[in-house]
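Here are the chains, one letter per residue:
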Amino acid sequence: MSTLVGIDWLSENKVAPLIDTLLVSILKEKPDDPIDFLVDQLALIKRQKMGDDTQVALRQKLKRSKSTIVNEAHAIERQPEEDLSFRDFEVENLPLTPYPSPLLGRNYPMDMLPRVIYNTFADGDASLSFQHAGPHSRLHFDPENTTIAIVSCGGLCPGLNDVIRALTLFSLEVYGVKKVIGFKYGWLGLMDEGIGEAFELTTQNVRDIHRFGGSFLGSSRGRPVHEHANEIVTNLRRLNISVVFALGGDGTLKGARDLGKECEKAGVDVAVVGIPKTIDNDVCFVQKTCGFETAVNESVVALKAAQAEARSHKYGVGIVKLMGRHSGFIAAQAAISFGSAHLVLIPECPLSLDTIFDLLLARFKRKKYCTIVVAEGFGQDLMTTLGTDASGNKKLGDIGTFLKGKIEAWLKSKYPRPRPHPSLVLPLYGGRSWV
């Protein structure tokens, strides 16, 4: 086999990137026994590329339940179990090229990163695992000729400007990319209607944006990517954009997925990267999303105010309604952080009004006040439905006001003297624009 034929064979069988990765790893680690090191690395790769028989066996061993959903009757229900295989955890990567990463030599872990096990309680082989996030030693795009796009979509949340700033500074100052462009008002900014408002992000105009709340790029809803995919791809091609960073929640990430598929279909060499951003913390498989921690911290302030109101009255009730849509992460975590909430109502655990009243009665037998935390998605089956918003999401009824009215009526019938005093504290939408 001639040298040129051998090189072609390496390329066709995707062996060249493997050799490159192993070479970089051994030079970086400088192991005492290089042979054993290479054997271990190859064994790891082999485990990651399991055969079909092993995958079938694992599918029989490990199952998961999908997250809860809202059915057509607007009731919370669990979706059926679904089999998983190793292929479900594969991340499709763009092919590596000879462009070396600027992070080489900066003490960043690269390439052969340990995988994150999906289920630590699984019997037998625990090979179902996520690819660990991290940089590669070789890049697909040449930084000097790379233009990056950043877009933020959906609701506001704390930390948006921190992400925009960090992406811009790291791309320009560390990777040395050619240009970073910010697109205004969500996916609209990439469409013909909003493309004219795009502007270049520089180290100067993003330097201090992390000190302010909201989004430096603005945001919007109701612009489904799949309905405007052709014009978005055309604009990306016209502006020579290589990488799109999309900041958003589950709806935005679905849009990023649709855009990636459309780029692949059109043969456009563009990488689409989703950054999970939502105070609701309800993005599947993401342990903590951008904005969640700040939302919890600020919610505790509201809980303190509600408890002060409640304990100042006989049979006082302080109700705090928190965001979260159909998930109760903020409400549950805020209650734990506060440490003195007496009743926590989340969508994942529906309760009837009679049960809530029974719990209140039990509380009043011990103390004459009660602090209630309620997630905005709780109790939607108890109220009239309101249709959907511009993004197709179900509009939620005001569970805070509803619950306050029902509890007040119950208190009047149960404890007519003194006058019942339920208080409602709503840190709701202010929480999205905190710094």
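Reading guide: rules and limits
What you see as residue numbers is a count from 1 along each chain, following the sequence as written. Per-residue local features are limited, in this predicted model, to residues with pLDDT of at least 70; the limit for side-chain atom pairs, both in listing and counting, is 80 or more; totals at the level of whole chains, interfaces and linings are taken over all residues. To get the side-chain values, take all heavy atoms of the structure and skip hydrogens and water. Where helices and strands are cited, they refer to DSSP runs of H or I of at least four residues and of E of at least two residues respectively, numbered from the N terminus. Contacts between residues were defined by any pair of non-hydrogen atoms, one from each residue, lying within 4.5 Å. Reported accessibility uses the Shrake-Rupley method at a 1.4 Å probe radius. Residues are deemed covered only where the shown protein chains occlude them. Interaxial angle, 0 to 180 degrees, is taken between N-to-C directions of lines fitted to C-alpha atoms, where a helix line uses only the stretch in contact. Roughly parallel here means an angle under 35 degrees, roughly antiparallel means over 145, roughly perpendicular means 65 to 115, and every remaining angle is called oblique. Should the near helix be turned counterclockwise from the far one by less than a right angle, the crossing is left-handed, whereas a clockwise turn marks it as right-handed. Only residues whose relative accessible area exceeds 30% and that form no salt bridge enter a patch; like-charged residues are grouped when within 9 Å of one another, and nonpolar side chains (Val, Leu, Ile, Met, Phe, Trp, Tyr) when within 5 Å. In the sections that follow, a salt bridge refers to a side-chain nitrogen of Lys or Arg positioned within 4 Å of a carboxyl oxygen of Asp or Glu. Charged residues are defined here as Lys and Arg on the positive side and Asp and Glu on the negative side; His and the ends of the chain fall outside this count. Here the site of a charge means atom NZ of a Lys, CZ of an Arg, CG of an Asp or CD of a Glu. Any residue under 20% of the maximum accessible area for its type is buried, any over 50% is exposed, and the rest in between are partly exposed; the area is computed with a 1.4 Å probe on protein chains only. Strands are treated as partners if at least two bridges between them are detected by DSSP. Here, the term right-handed applies to a crossover whose path from the first strand over the helix to the second runs clockwise when the strands point away from the viewer. Here, nonpolar core means buried Ala, Val, Leu, Ile, Met, Phe, Trp, Tyr and Cys residues that are tied together by side-chain atoms lying within 4.5 Å of each other. Helix span, expected: 1.5 Å multiplied by one less than the number of residues in the helix. Note on aromatic pairs: the rings of Phe, Tyr and Trp (six-membered ring only in Trp) are paired at centre separations within 6.5 Å, and the planes decide the class, stacked below 30 degrees, edge-to-face beyond 60, tilted for the rest. For every residue, the predictor reports its confidence as pLDDT, a number between 0 and 100.

**Quick word on the overall build of the protein**
Argument step 1. When helices and strands are tallied, the protein shows 11 helices and 17 strands.
Argument step 2. The long-range share in the protein, meaning contacts at least 24 apart out of those at least 6 apart in sequence, stands at 73%.
Argument step 3. In the structure as shown, the protein presents an accessible area of about 23,300 Å², 52% of it carried by carbon and sulfur atoms.

**Thoughts on the packing of helix H8 (residues 292–311) against helix H9 (residues 329–338)**
Argument step 1. The N-to-C vectors of H8 and H9 enclose an angle of 60°; their axes lie 8 Å apart at closest approach. Taken together, the axes of H8 and H9 are oblique relative to one another. When you trace H8 past H9, the crossing you get is right-handed. Contact residues: H8 offers Phe 292, Ala 295, Val 296, Ser 299, Val 300, Leu 303, Lys 304 and Gln 307, while H9 offers Phe 329, Ile 330, Gln 333, Ala 334, Ala 335, Ser 337 and Phe 338.

**Here's the deal with a negative patch on the surface**
Argument step 1. Together, Asp 32, Asp 33, Asp 36 and Asp 40 line one region of the surface with negative charge.
Argument step 2. Turning to its location among the elements, Asp 32 is positioned in the loop between helix H2 (16–29) and helix H3 (34–48).
Argument step 3. The exposed category is assigned to Asp 32, whose relative accessible area is 81%.

**Some thoughts on the pairing of strand S16 (residues 369–375)**
Argument step 1. Burial within S16 is extensive, with 7 of its 7 residues counted as buried.
Argument step 2. Along S16, one buried face is formed by Tyr 369, Thr 371, Val 373 and Ala 375 and the opposite face, lined by Cys 370, Ile 372 and Val 374, is buried too.
Argument step 3. Bridge analysis of strand S14 (residues 316–322) against S16 gives 7 bridges, and the strand direction is parallel. The partner of Val 317 across the bridge, within S16, is Cys 370.
Argument step 4. Traced from strand S15 (residues 343–345) through helix H10 (residues 353–364) to S16, the parallel crossover comes out right-handed.

**Comments concerning the nonpolar core**
Argument step 1. Counting 40 residues, the largest nonpolar core has Ile 150 and Leu 247 as the members making the most contacts within it.
Argument step 2. Listed by contribution, the elements that provide at least two residues to this core are strand S9 (147–152), helix H5 (160–174), strand S12 (241–248), strand S13 (271–276), H8, S14, H9 and S16.
Argument step 3. Per element, the largest residue contribution to this core is 7 residues, and it comes from H8.
Argument step 4. Apart from the residues lying within four places of it in its own chain, the contact partners of Leu 247 are Ile 150, Val 151, Ser 152, Cys 153, Leu 160, Val 163, Ile 164, Leu 167, Thr 252, Ile 275 and Lys 277.

**Examining unusual backbone geometry**
Argument step 1. Phi at Asn 281 takes a positive value of approximately 60°, unusual for a residue other than glycine.
Argument step 2. Assignment of secondary structure puts Asn 281 in the loop between S13 and H8.
Argument step 3. Given the relative accessible area of 6%, Asn 281 is considered buried.
Argument step 4. The phi dihedral of Arg 325 is positive, around 50°, even though this residue is not glycine.

**Re H5**
Argument step 1. Taking 1.5 Å of rise per residue, the 15 residues of H5 would be expected to cover 21 Å, and the 21 Å separating its terminal C-alpha atoms lies within 8% of that figure.
Argument step 2. Taken residue by residue, H5 has Leu 160, Asn 161, Val 163, Ile 164, Leu 167, Thr 168, Leu 169, Ser 171 and Val 174 as its buried positions.
Argument step 3. Immediately downstream of H5, the backbone of Gly 176 shows phi near 70°, a positive value.

**Quick word on the packing of aromatic side chains**
Argument step 1. Under the criterion given, the structure shown has 7 aromatic pairs.
Argument step 2. Pairing Tyr 315 with Tyr 415 gives two aromatic rings, centres 3.8 Å apart and planes at 20°, and the pair type is stacked. A residue pair is termed long-range when its members are at least 10 positions apart, and Tyr 315 in the loop between H8 and S14 and Tyr 415 in the loop between helix H11 (399–414) and strand S17 (421–425) qualify at 100 residues. Residues Tyr 315 and Tyr 415 agree in their burial class; the two are buried.

**So, the pattern of salt bridges**
Argument step 1. Evaluation of the coordinates by the stated rule reveals 6 salt bridges.
Argument step 2. Close ionic contact of Lys 288 with Glu 293 constitutes a salt bridge, the shortest N to O distance being 2.7 Å.
Argument step 3. Owing to a relative accessible area of 43%, Glu 293 belongs among the partly exposed residues under this scheme.

**Regarding the environment of Ile 399**
Argument step 1. Inspection of the secondary structure assignment puts Ile 399 in helix H11.
Argument step 2. When the C-alpha atoms of Ile 399 and Gln 380 are compared, they prove to be 7.3 Å apart, with 19 residues separating the residues in sequence.
Argument step 3. Among all residues touching Ile 399, those that are not within four sequence positions of it are Lys 321, Val 374, Ala 375, Glu 376, Phe 378, Gly 379, Gln 380 and Met 383.

**Quick look at the confidence of the model for the protein**
Argument step 1. When pLDDT is averaged across the protein, the result is 81; 79% of the residues are at 70 or more.
Argument step 2. Overall, residues 1–5 carries pLDDT values under 50, and its contacts beyond four positions in sequence, including any with other chains, amount to 1 contact.
Argument step 3. Low pLDDT, under 50, characterises residues 58–70; the predicted model gives this stretch 40 contacts beyond four residues in sequence or across chains.

**Digging into the sheet that holds S13**
Argument step 1. Read from one edge to the other, the open sheet built from 5 strands follows the order S11-S10-S9-S12-S13, with strand pairing classed as mixed. Edge strands, defined here as strands with exactly one partner in the open sheet, are strand S11 (199–201) and S13. Neighbour-to-neighbour, the strand axes of the sheet open up by a mean angle of 30°, direction not taken into account.
Argument step 2. Here S9 runs beside S12; their pairing, made up of 6 bridges, is parallel. Note on S12: the bridge partner recorded for Ile 148 is Val 243.

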